[in-house]
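What follows is the residue order along each chain.
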Amino acid sequence: MALESNERFSFALRGRYARYRDVRKPGHWNLLRSHAPVLEDGRTPATFDLVLGDIAYYSVTVSLVYRL
(Lines give C-alpha, C1' and ligand atoms only; values in the text may rest on other atoms or scores of the structure.)
Protein backbone atom coordinates (compact mmCIF):
# COMPACT_ATOMS: atom_id res chain seq x y z
CA MET A 1 0.00 0.00 0.00
CA ALA A 2 1.50 3.35 -1.00
CA LEU A 3 -0.02 6.78 -0.56
CA GLU A 4 1.25 9.97 -2.09
CA SER A 5 -0.39 12.99 -0.48
CA ASN A 6 1.40 15.47 -2.72
CA GLU A 7 4.53 15.76 -4.89
CA ARG A 8 6.82 16.03 -1.84
CA PHE A 9 5.47 13.57 0.68
CA SER A 10 4.71 9.87 0.33
CA PHE A 11 4.00 7.02 2.71
CA ALA A 12 4.31 3.27 2.07
CA LEU A 13 3.43 0.25 4.18
CA ARG A 14 4.54 -3.21 3.06
CA GLY A 15 4.08 -6.59 4.67
CA ARG A 16 5.49 -10.00 3.84
CA TYR A 17 4.78 -13.48 5.16
CA ALA A 18 6.38 -16.78 4.19
CA ARG A 19 5.96 -20.27 5.57
CA TYR A 20 8.26 -23.17 4.73
CA ARG A 21 7.97 -26.93 4.95
CA ASP A 22 9.95 -28.92 7.48
CA VAL A 23 13.69 -29.17 6.82
CA ARG A 24 15.42 -32.50 7.49
CA LYS A 25 19.11 -32.87 6.73
CA PRO A 26 21.30 -35.75 7.94
CA GLY A 27 25.05 -35.48 7.49
CA HIS A 28 28.49 -35.22 8.99
CA TRP A 29 31.13 -32.55 9.45
CA ASN A 30 34.34 -32.75 7.42
CA LEU A 31 36.33 -30.50 9.74
CA LEU A 32 35.71 -29.29 13.28
CA ARG A 33 38.24 -27.07 15.11
CA SER A 34 41.05 -28.07 12.71
CA HIS A 35 40.62 -31.84 13.22
CA ALA A 36 38.24 -34.57 12.12
CA PRO A 37 35.09 -34.60 14.28
CA VAL A 38 34.79 -37.67 16.51
CA LEU A 39 32.66 -38.69 19.47
CA GLU A 40 33.92 -39.20 23.03
CA ASP A 41 35.60 -42.53 22.22
CA GLY A 42 37.98 -40.73 19.83
CA ARG A 43 37.20 -43.03 16.88
CA THR A 44 33.52 -42.83 15.95
CA PRO A 45 32.85 -40.06 13.37
CA ALA A 46 30.46 -37.38 14.59
CA THR A 47 27.23 -37.05 12.59
CA PHE A 48 24.17 -34.85 12.88
CA ASP A 49 20.47 -34.93 12.07
CA LEU A 50 19.18 -31.39 11.55
CA VAL A 51 15.40 -31.08 11.89
CA LEU A 52 13.66 -27.69 11.69
CA GLY A 53 9.89 -27.46 11.75
CA ASP A 54 7.20 -24.82 11.47
CA ILE A 55 9.46 -22.17 9.95
CA ALA A 56 7.70 -18.84 9.35
CA TYR A 57 8.90 -15.37 8.34
CA TYR A 58 7.08 -12.09 9.01
CA SER A 59 8.18 -8.64 7.88
CA VAL A 60 6.69 -5.14 7.98
CA THR A 61 8.26 -2.09 6.34
CA VAL A 62 7.12 1.50 6.82
CA SER A 63 8.54 4.20 4.56
CA LEU A 64 8.08 7.94 4.88
CA VAL A 65 9.61 10.09 2.15
CA TYR A 66 9.83 13.89 2.04
CA ARG A 67 11.46 15.38 -1.04
CA LEU A 68 13.15 18.76 -0.73
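Below you will find a few notes about this structure. (Residues numbered from 1 in each chain as written. Predicted model: local features only at pLDDT ≥ 70, side-chain atom pairs only at ≥ 80, totals over all residues. Heavy atoms only, no water.)

1. What to know about the overall build of the chain
The number of helices and strands found in the chain is zero helices and five strands. The linear arrangement of helices and strands in the chain, starting from the amino end, is β-β-β-β-β. In terms of overall dimensions, the chain has C-alpha extents of about 70 × 30 × 15 Å along its principal axes. In the chain, which comprises 68 residues, the proportion classed as buried is 7%. Considering only contacts in the chain between residues 6 or more positions apart, those separated by 24 or more positions represent 63%. In the structure as shown, the chain presents an accessible area of about 6,500 Å², 55% of it carried by carbon and sulfur atoms. Counting 10 positive and 7 negative side-chain charges, the chain places the averaged centre of each group 5 Å from the other. (Helix = DSSP H or I, 4+ residues; strand = E, 2+ residues; numbered from the N terminus. Buried < 20%, exposed > 50% of the residue type's maximum accessible area, 1.4 Å probe, protein only. Contact = heavy atoms within 4.5 Å. Areas by Shrake-Rupley, 256 points an atom, 1.4 Å probe, with all protein chains shown as cover. Lys, Arg positive; Asp, Glu negative; His and termini not counted. Charge placed at Lys NZ, Arg CZ, Asp CG, Glu CD.)

2. Notes on the pattern of salt bridges
All chains considered together, the criterion is met by one salt bridge. With a shortest N-O distance of 2.4 Å, Asp 54 and Arg 19 are connected by a salt bridge. Taken together, the residues span a long stretch of sequence, with Asp 54 in the loop between strand S4 (47-52) and strand S5 (55-66) and Arg 19 in strand S2 (residues 9-20) at a distance of 35 residues. (Salt bridge = Lys/Arg side-chain N within 4 Å of Asp/Glu carboxyl O.)

3. Concerning the environment of Asp 54
The exposure class of Asp 54 is exposed, given its relative accessible area of 53%. Asp 54 sits 42 residues away from Ala 12 along the chain, and the two C-alpha atoms are 30 Å apart. Here Arg 19 takes part through its side chain, which lies 2.4 Å from a polar atom of the side chain of Asp 54. (Polar contact = N/O pair within 3.5 Å; in protein donor to acceptor, adjacent residues only side chain to side chain.)

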